[in-house]
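# Observations on chain architecture
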Amino acid sequence: MIYNPEYECMEEKVRKKIQLASLKNLVETIYSKVPYYRKKFDEANIKPVNINNMEDIQKLPFTTKEDLRINYPHGLRACPNDRIVEVHMSTGTTGKPVVNEYTMKDLDIWRQVMARTLSGAGCTRDDIVQNCYGYGLFTGGAGVHYGSITIGAEVLPMSSGNTERQLMILRDFGSTMLTCTPSYALFLAEEAAEAGIDLKKLPINKGCFGAEAWSESMRKEIEERYDMKAYDIYGLTEIIGPGVAFECEMQNGLHVNEDLFYPEIIDPETGKVLPAGEKGELVFTTLTREGTPLLRYRTRDITCLIEEPCGCGRTTRRIHRLFGRTDDMLIIRGVNVFPSQIEQALIEIEGTEPQYLIIINRENHLDELELQVEVKKELFSDETRGLENLRNRIEQVMKSKLQIGLKVKLVEPKTIVRPEVGKVKRVIDNRKI
Ligand code: DLL
């Protein structure tokens, strides 16, 4: 279902006009209200009057995580203090948290884009949404909550964790939609199987999953285990939270809410804007935010823009399912390796589960990479030769795909830790560099 056809199916020409008006307004506001931005503009020798078409955005400076860190906690606020009504943060792995401050108008934008997102997955006022994203400073819980009630659906604000209770509610309340990280959806399914609950017989029939990287094979597994449709949703704290981009029923790329969040793809090395279809770093400008608007924010996420029309009728451009992050890139003995490459290669190998852990050690100044992979239950009860063959196969495939050798350790199902709260961790880097 298309929640807001007026904006989601708008003619490109009209959308561009609206985007330009919003961009001009944004640039004027941050130039006059945020000293840090003004300084950056002055250094780049650019004034708000120099912005006359959407391409002019390329003249404007980028904003990075480092800029947010320097301005922690309130340095990028662009409105009077008394207009802020809510705050969210992401803890990040290093340094200070990233802060997003919302005015009432910002919250309205958020609930609208989340209503579009959940509707894209088929949510209506008849649905019961079991929301297992964390409530609190994390944006997942609140974002889905606002979107659900905007549609008029019934939301169960479960937050993450307490799997036994999640399963009880899923069954007793007849939840029809599940929202959580994809790894938690799989964990919940495994626990349900253990408890003898047949998810396929329950009313649950769709879900919106995101906040961490996942693959097509994970999607297939979730869809099969629950007998549901599983949709990818994307967002980040800095921009609004979830609701930046979402999949429709075509499940072929994520529609960007681009009347509100303007996307660009750049070459992460040179900063040059790349054409549609080319992979690079995703950059967003929040066109209409008031609290902490961001100009050309470098997300570090890697994807490409899709401009071909979508079968669903929406005219918004899409981004490809994320390929990884620029800062996820591991440099192993000088070779660039992305965890997503490893996951992709594993998918093609029969007998493995989509659960893996990469452990990097440095021995005698040399990087050693160990890949732990969960193997289907049947294989473990098999003779050891089967396991040995599989281990060799994985090592060979990895060697040819990644151009580096690694050690594979096959582990029994459910050995690799699934977090009940928060995001899954795929890499343990023990190198002290
Ligand atoms: O994870 C917001 C969110 C909540 C998105 C619930 C979707 C659902 P942060 O904690 O700030 O915000 O993390 C943002 O998570 O830059 C991506 O690297 C990653 N990420 C988010 N969605 C996806 C996705 C929330 N669908 C960071 N696929 C982003 C892959 C994702 N990675």
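About the thresholds
Residues numbered from 1 in each chain as written. Predicted model: local features only at pLDDT ≥ 70, side-chain atom pairs only at ≥ 80, totals over all residues. Heavy atoms only, no water. Core = buried A, V, L, I, M, F, W, Y, C linked by side-chain atoms within 4.5 Å. Buried < 20%, exposed > 50% of the residue type's maximum accessible area, 1.4 Å probe, protein only. Axes fitted to C-alpha atoms, helices over the stretch in contact; angles between N-to-C directions. Helix = DSSP H or I, 4+ residues; strand = E, 2+ residues; numbered from the N terminus. Parallel < 35°, antiparallel > 145°, perpendicular 65-115°, else oblique. Contact = heavy atoms within 4.5 Å. Nonpolar A, V, L, I, M, F, W, Y, C, P; charged D, E, K, R; others polar. 1 Å grid on protein atoms, 1.4 Å probe; cavity = no way out; pocket = protein on both sides within 12 Å on 5 of 7 lines; lining within 4 Å. Points joined across faces, edges and corners; volume = space filled by probe spheres on them. Pairing = 2+ DSSP bridges. Near = heavy atom within 4 Å. Polar contact = N/O pair within 3.5 Å; in protein donor to acceptor, adjacent residues only side chain to side chain. Areas by Shrake-Rupley, 256 points an atom, 1.4 Å probe, with all protein chains shown as cover. Expected span 1.5 Å × (residues − 1). Phe/Tyr/Trp six-rings, centres within 6.5 Å; stacked < 30°, edge-to-face > 60°.

Time to look at the nonpolar core. Judged by nonpolar contacts, the single largest core of 61 residues is most densely connected at F41, Y234 and F261. Counting 25 residues, the second-largest nonpolar core is a separate cluster that includes L330, L346, Y356 and L406.

A few words now on the packing of helix 2 (residues 12-33) against helix 3 (residues 35-43). Packing of helix 2 against helix 3 leaves a shortest axis separation of 5 Å and a crossing angle of 105°. Viewed along their axes, helix 2 and helix 3 adopt a mutual orientation that is roughly perpendicular. The residues of helix 3 that touch helix 2, namely those facing V27, I30, Y31, S32 and K33, are P35, Y37, R38, F41 and D42. Tallied by class, the residues present in the contact of helix 2 with helix 3 amount to six nonpolar, one polar and three charged.

Before going further, it helps to examine the layout of surface pockets. The probe, sized like a water molecule, is rolled over the atoms to show the empty space still left. Here the second largest pocket is characterised by a volume of approximately 480 Å³. Lining the second largest pocket are 27 residues, and of these E12, K16, Y262, E307 and R317 sit closest to its centre. Counting residues per element, the ones that place at least two in the lining of the second largest pocket are helix 2 and strand 10 (261-266). Partitioning the lining of the second largest pocket into residue classes produces twelve nonpolar, four polar and eleven charged.

Moving on, we get to the sheet that holds strand 5 (residues 177-180). Hydrogen bonding along the main chain pairs the strands of a sheet, whether they run parallel or antiparallel. The nine strands lie next to each other as 4-3-5-6-7-8-9-14-13, forming an open sheet whose pairing is mixed. Two strands lie at the open edges of the sheet, namely strand 4 (154-157) and strand 13 (305-306), each paired on one side alone. Strand direction decides the pairing type here: strand 8 (residues 241-247) and strand 9 (residues 254-256), joined by three bridges, are antiparallel. Bridge pairing links A245 to V256 in strand 9. Docked against the sheet, helix 8 (residues 182-194) engages strand 5 and strand 6 (206-210), running at close to 125° with respect to strand 5. Across the face of the sheet, helix 9 (residues 216-226) comes into contact with strand 5, strand 6, strand 7 (229-236) and strand 8 while running at roughly 130° to strand 7.

The full set close to the ligand counts 21 residues, and D232, I233, T237, D301 and K423 are the nearest of them. Contact between the ligand and E212: a nitrogen atom at 3.3 Å from a main-chain N or O atom of the residue. Take T237: an N or O atom from its side chain is 2.5 Å from an oxygen atom of the ligand. Relative to its free-state accessible area of 610 Å², the ligand is covered by the protein chains to the extent of 92%.

Turning our attention to the sheet that holds strand 12 (residues 297-303). Across the sheet, which stays open at both edges, the four strands sit in the order 10-11-12-15 with antiparallel pairing between neighbours. Looking along the sheet, the strands with just one partner apiece sit at the ends: strand 10 and strand 15 (324-325). Pairing analysis gives six bridges linking strand 10 to strand 11 (residues 280-286), with the strands arranged antiparallel. Of the residues in strand 11, the one forming a bridge with E264 is V283.

Tracing the backbone through its elements, the reader meets N257 in the loop between strand 9 and strand 10. From its side chain, N257 meets the backbone oxygen of G243 in a polar contact 2.8 Å long. Not counting residues within four places of it along the chain, the set of residues in contact with N257 comprises V113, R116, T117, G243, V244 and F246.

A few words now on helix 8. With 13 residues, helix 8 extends 19 Å from end C-alpha to end C-alpha; this agrees with the ideal 18 Å at 1.5 Å per step. Burial within helix 8 is extensive, with ten of its 13 residues counted as buried. Restricting attention to buried positions, one finds in helix 8 the residues P182, S183, Y184, A185, L186, F187, L188, A189, E190 and A192. Contacts from the buried residues of helix 8 go to helix 7 (163-172), strand 5, strand 6, helix 9 and strand 18 (352-363). Positive phi appears at G196, one or two residues downstream of helix 8, with a value of about 75°.

Omega for the peptide link from Y72 to P73 comes to -5°, which places this bond in the cis form. A positive phi angle, near 60°, is found at N45, a position not held by glycine. We classify N45 as exposed; its relative accessible area is 69%. The phi torsion at D227 lies on the positive side, around 55°, for a residue other than glycine.

As a further point, take the pairing of strand 4. Pairing geometry for strand 3 (residues 128-131) and strand 4, over four bridges, is parallel. By the bridge assignment, N131 is partnered in strand 4 with P157.

Moving on, we come to the packing of aromatic side chains. By convention here, two paired aromatic rings are described through the distance between centres and the angle between planes. Tallying each qualifying case throughout the model produces six aromatic pairs. Judged by centre distance (4.9 Å) and plane angle (15°), the rings of Y102 and W110 are stacked. Like Y102, the residue W110 is buried in the burial classification. Plain terms: the ring middles of W110 and Y146 are 5.6 Å apart, the flat faces sit at 75° to each other, and that makes the pair edge-to-face.

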